[in-house]
Each structure stands twice: as structure tokens, then as C-alpha cells.
Amino acid sequence: MRFDYQSHSYLPLRRETVAGLFLLLFPALLPCLFTPFTHASPSTFSEWNVPKPRHLSLLRSALDRESSNGEQSDLWAPLADQGWRPFLESVNSPSLPQKSEGYLQVFLDGGLNQQRMGICDAAAVAKILNATLVIPHLEVNPVWQDSSSFMDIFDVDHFINVLKDDVSIVKELPDEFSWSTREYYATAIRATRIKRAPVHASVNWYLEYVLPVLQSYGIAAISPFSHRLSFDNLPSEIQQLRCKVNFKALVFVPHIRALGDAIVHRLRYPPGENEAVSSNYLRETTDRYEKQKPQKFVVLHLRFDKDMAAHSACDFGGGKAEKLALAKYRQTIWGGRVLNSQFTDEELRSQGRCPLTPEEIGLLLAALGFDNSTRLYLASHKVYGGEARISTLRELFPLMENKKSLASSEERVRIKGKASLLAAVDYYVGMHSDIFVSASPGNMHNALVGHRTFENKKTIRPNMALLGQLFLNKNITWSEFCQAVAEGHQNRLGQLSGISIENPVVGIKLIADPVEYGPWSGTFEILHSRWQHYAVVLRLEEERTFCRQHSYGHCRT
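Residues numbered from 1 in each chain as written. Predicted model: local features only at pLDDT ≥ 70, side-chain atom pairs only at ≥ 80, totals over all residues. Heavy atoms only, no water.

Visitor: Just checking my understanding: could you explain the pairing of strand 2 (residues 103–108) for this structure?
Guide: When a strand is regular, its side chains alternate between the sheet's two faces. For strand 2, a buried count of five out of six residues is recorded, marking the element as mostly surrounded by other parts of the structure. Note that strand 2 and strand 3 (residues 132–134) share two bridges and pair parallel. Following the sheet pairing, Tyr 103 is matched in strand 3 by Thr 132. Tracing the backbone out of strand 2, into helix 5 (residues 112–129) and back to the parallel element strand 3 gives a crossover that is right-handed. Strand direction decides the pairing type here: strand 2 and strand 7 (residues 219–222), joined by four bridges, are parallel. By the bridge assignment, Val 106 is partnered in strand 7 with Ile 222. Both strand 2 and strand 4 (residues 137–138) contribute to a ladder of two bridges, which runs parallel. Looking across to strand 4, one finds that Phe 107 is bridged to His 137. (Buried < 20%, exposed > 50% of the residue type's maximum accessible area, 1.4 Å probe, protein only. Helix = DSSP H or I, 4+ residues; strand = E, 2+ residues; numbered from the N terminus. Pairing = 2+ DSSP bridges. Right-handed = clockwise from strand over helix to strand, strands pointing away.)

Following this line, the structure appears as C-alpha cells:
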């Protein structure tokens, strides 16, 4: 009996011990549930606790706004001819020399659009050095983890053919230089590698430091190569070549264009409520909607991933868990060395340094006049906070679509999990939209703003400083907000207004973060931001005089 008593009294104690051990081990078994308290990885906890709308009064008014016939709105009217035209072909460019100085290799890091700029610079440097350009090597980005090559993204034959009179280009090195690989340069210091090319290096720098390597070894490899060519004081034919590469030579591979065309078609001619998207949808509906009026749509690049949110050092209303997670992420990725961290959230917002949240970009679009009948295509990677963070934007614009909603899994199989290819599809759709807008400046924003400016397409450039100050004002009414937004974006819809041509000398600059036009001085030149080339343009009223002065012989009348 005594033994039985001890046995029964021990069972509760043993259960309590097991339960205690389970509680101690549970975080180790399922760490994802506890990462907000310990790590900066994408936190399940913080996404479950998505903050409530931060601008509830404005949001309620926006949801109550009256619908209008968006098709008749001035917002959808295309930009008028502003008197600028592309000026890609150089009229006095020297012919391609018969003998090359050697092979030029470049290794490009960053995402798709940063690499796109690097490709433009690579062709320009090859031209400067009279080198044969090897199709650039695209590094695997540590954030996106995409190993897609140049040939996976761009039509390489088209690229070579368009530039055949400007730059000698080969797909790969000949056998005698086959040793010049990424792995070769990673193992030791090599005489043929240019490792310390300065940011925005001048023409003279390349002639002084890279040309001798080419002449000595027959090959030069530049790594890293991001932002390694100056925007200023370059010969006009080099600037024109940059633009020719960007806007004519760089064309996506056929399957990306085909998927992009299918998505654009489904935005123009949306299926009925009971029609499911299938892989042969485009073929099925081409005839059916031939006489139907195409609908207009906006492409919204919602740049709100965790990397962007953390680097901004702004407060997005997710509470302590979110602040701790983002702070830990900053420490892990950048060692805590983030410039914005020294400012308060109010200071950052008033200076326009905070990316717009899905809620805020939705309020901007609503204030500009877009109603809930607007078709919106969401071009983005992973949104920090997941679908719940986007819910407010979807509430404002219920006709919001993305790649997954418009293309079947079979159609997306070749781009699945490949960040560069996914971005390429979004870029393509963005170029074919009626209006493009981005939630914050960045490489994608700069690339599309420039390309659409080149083609004179309407593009909304949010006034980040103005919006930051408006959203800080918790007492602002909806009518006051709408008026301020309208006034602050009058000249931010793709116009090249406010630009004056003074002296007929080369030297036009475009400033980034946010992208602003001006000041201009010169007749034609390349428009660019800190990261992305824009357009070579020539003012029509200046063209005839400039042309006659330089005896080009084919001046327009």
C-alpha cells in the first residue's frame, strides 16, 4: 500500500516535469513562432499582428468617395507632345575599328534594374576602350537568390545585332581565355582583374588604368562593376550609346514577352465573373473581345519588402515586435550602420525618406481621382506583412490584380522562384500600362520612369516630402488632403515641364531620391538618375539651329 501511495503521488510531479520540459523545448522546435523576440527574419508574429489603419479618418472618407467614369477622367488622357524626340543615333559616330584591344568582362551585382544599368555602362566602356564586350555575367544577389543569366532574361541575339555597328560583342570567351572565370578571380589576386574601379569613374580613368591591362593581357575583368561609369563629361556618342542599349538593345526573351502580353490583354479585356484563367485564355478570348473597348489600367510598383522597411528606419505601426524585428534585421544585414537611424520617424517622414505603405499609396491614388472601378496591377515582390498588410489597399481598389491572379501556374512555371524573371514580367507590364506609379524611389522606379519618359507615357512620381508631411497631420480633412495632393502633383505626371534650355552645351542631369528634373543646360544629353539612364532627347525648336550649325546635312524642315 505504501508503494502504491508513492507511485500515485509521483505521477502528477512527473507530468509537471514533462510539461515544463516541453515548454522549454517548444521555441526550439518551432522557432518561427518566436523569431520576433529573438531574430530579424521575416516574422510570423509581426505579420499576424498587422497594424490597424494609421490614417483612419482619411481612409473612411476615401472609401465613401463617389465613383466616377474613370475612362473620361483627365487622369487617363495620354501626355501631350512635349516637343522632345528620341535622339539615339549618332550622326557622326566613328565606325567600329577593325581590330579590338582585347576582351572586356564585367560582373554585375544587384537586382534586375541595377544590372540593366550596368549593362548600359559595360557597352559604353567597351566603346571607350575599343574592346570586345563579353556578354555580362550577372551575380547571384544575396537577397533575391536568383541565378538567372543574361541569356535567361534578355534576347542575346537581338542585343548583339542592334549594337553590331557600335560595339563588338561575343557570347563567350574563346578557348584561349576560358580560364577567366568568376571562380578564377575569387581564389587569388589576378593581374587581369580590375577590383578597385571608382564609383562614377571618368573616361580618362578607364584609358589610364584599364586600357593598359587590355593591351598587355588581351583581357580585363572588372568586378565589381555597379555604378562604375560617370554620368558627366562624356562624349555625346557614348551617352547616346547608353540609351540605345537601354531602350533598343535590351529586349526580354520571348517567353517573358509572351506572358507579359497575356497579362496586359487580361487587364484590357478582363474575363467574366465565372471565367477562370487558363493557359489558353488569350487565344480563347482574342476573337470574343475583338470589338470590346479595351479597359485602362494602372501599374503600381509597391516596394515594401522587409529589406526596404528595415533600411528606411521608419515606424510602420507594427508595435514593439515589429520595431525589434526591423532593428535586429538592420544589425544583422548592415551592422546597424543605417543613416536614417539617427533621425526620428517624424523627421524622416517630413523629409520624404519613408516608403509609402500600401494604405498610403492607396490614399494618394484615391486623392488623385482614381476610384474603386480602377483596374490596378500590383508589381511587387514580397510585401512585408503579407496579404494582411495589403488589405486596406485592396479595400480601396477591389479590382487589384497581380501575376498570380492573371496567369495560371502553368504559365508561370518558367519564372517561378526567379526574382529577376518575375521583375522582368512586371517591368514589361509596367511599360504597357496607361499609368505607372511607384510607392517609393528605387531602381525599378527609376528604370520605368526613365523608359516611360523616353516614350512620353504618363507616370506618377509621388511627392514623398509633401506626402510625409500630410500624413503627419492627423487633423487634415479629406478635402484638404485631396487639394494638397492635386496641387503637389500637377507637374509630376510625366511632364518635362519647368525645364529651360539656356546654353547649347552638353550637360543635363537628373537627380534621384526622389527623382526630380533639372537643372538643364544644353541642347541634348542623357537624362539619368543616380542609378538609371533615362533618355537622350532633343528639343525640336533647338534642333534645326543645332543641326545647321554642325552641318549634319539631314536637318528636318
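Visitor: So what exactly am I meant to see when it comes to the packing of aromatic side chains here?
Guide: Counted under the stated rule, the structure contains 17 aromatic pairs. Through a chain of ring-to-ring contacts, three or more aromatic side chains come together here, namely Tyr 103, Phe 107, Phe 177, Trp 179, Tyr 184 and Tyr 185. Its guanidinium or amino end placed over the ring of Phe 397, Arg 65 lies 5.4 Å from that ring's centre, counting from NZ or CZ. Geometry around Phe 107 places Arg 182 over its ring, the cationic atom sitting 5.8 Å from the centre. (Phe/Tyr/Trp six-rings, centres within 6.5 Å; stacked < 30°, edge-to-face > 60°. Lys NZ or Arg CZ within 6 Å of the ring centre and 35° of its normal.)

Visitor: Where do I start with the sheet that holds strand 11 (residues 435–438) in this structure?
Guide: To summarise the sheet geometry, strands pair through backbone hydrogen bonds and adopt either a parallel or an antiparallel arrangement. Read across the sheet, five strands follow the order 10-9-8-11-12 without closing on themselves; strand pairing throughout is parallel. In this open sheet, the two edge strands, each paired with only one partner strand, are strand 10 (400–401) and strand 12 (459–460). As paired strands, strand 11 and strand 12 are joined by two bridges and run parallel to one another. What sits directly across from Phe 436, in strand 12, is Thr 459. Strands strand 8 (297–301), strand 11 and strand 12 of the sheet are contacted by helix 21 (residues 443–454), whose axis makes an angle of about 155° with strand 11. (Contact = heavy atoms within 4.5 Å. Axes fitted to C-alpha atoms, helices over the stretch in contact; angles between N-to-C directions.)

Visitor: Just checking my understanding: could you explain the pattern of salt bridges for this structure?
Guide: Proximity of charged atoms lets side chains of opposite charge pair with each other. Tallied over the full model, the rule gives 15 salt bridges. Of the charged contacts in the structure, one is a salt bridge between Lys 323 and Asp 315, with a shortest N-O distance of 3.8 Å. For the salt bridge of Glu 455 with Lys 457, the shortest nitrogen-to-oxygen distance reads 3.3 Å. With a relative accessible area of 24%, Lys 457 lands in the partly exposed category. (Salt bridge = Lys/Arg side-chain N within 4 Å of Asp/Glu carboxyl O.)

Visitor: Is there a simple way to think about the state of the cysteines in this case?
Guide: In a disulfide, the sulfur atoms of two cysteines are held together by a covalent bond. Under the criterion given, the structure shown has one disulfide. Disulfide partner of Cys 314: Cys 354, at an S-S distance of 2.0 Å. Negative torsions about the S-S bond denote left-handed disulfides, and the value of about -95° found for Cys 314 with Cys 354 makes this one left-handed. With Cys 314 in the loop between helix 14 (306–312) and helix 15 (319–334) and Cys 354 in the loop between helix 16 (345–350) and helix 17 (358–368), this residue pair connects regions lying 40 residues apart in the sequence. The exposure classification of Cys 314 matches that of Cys 354, with both residues buried. (Disulfide = S-S within 2.5 Å.)

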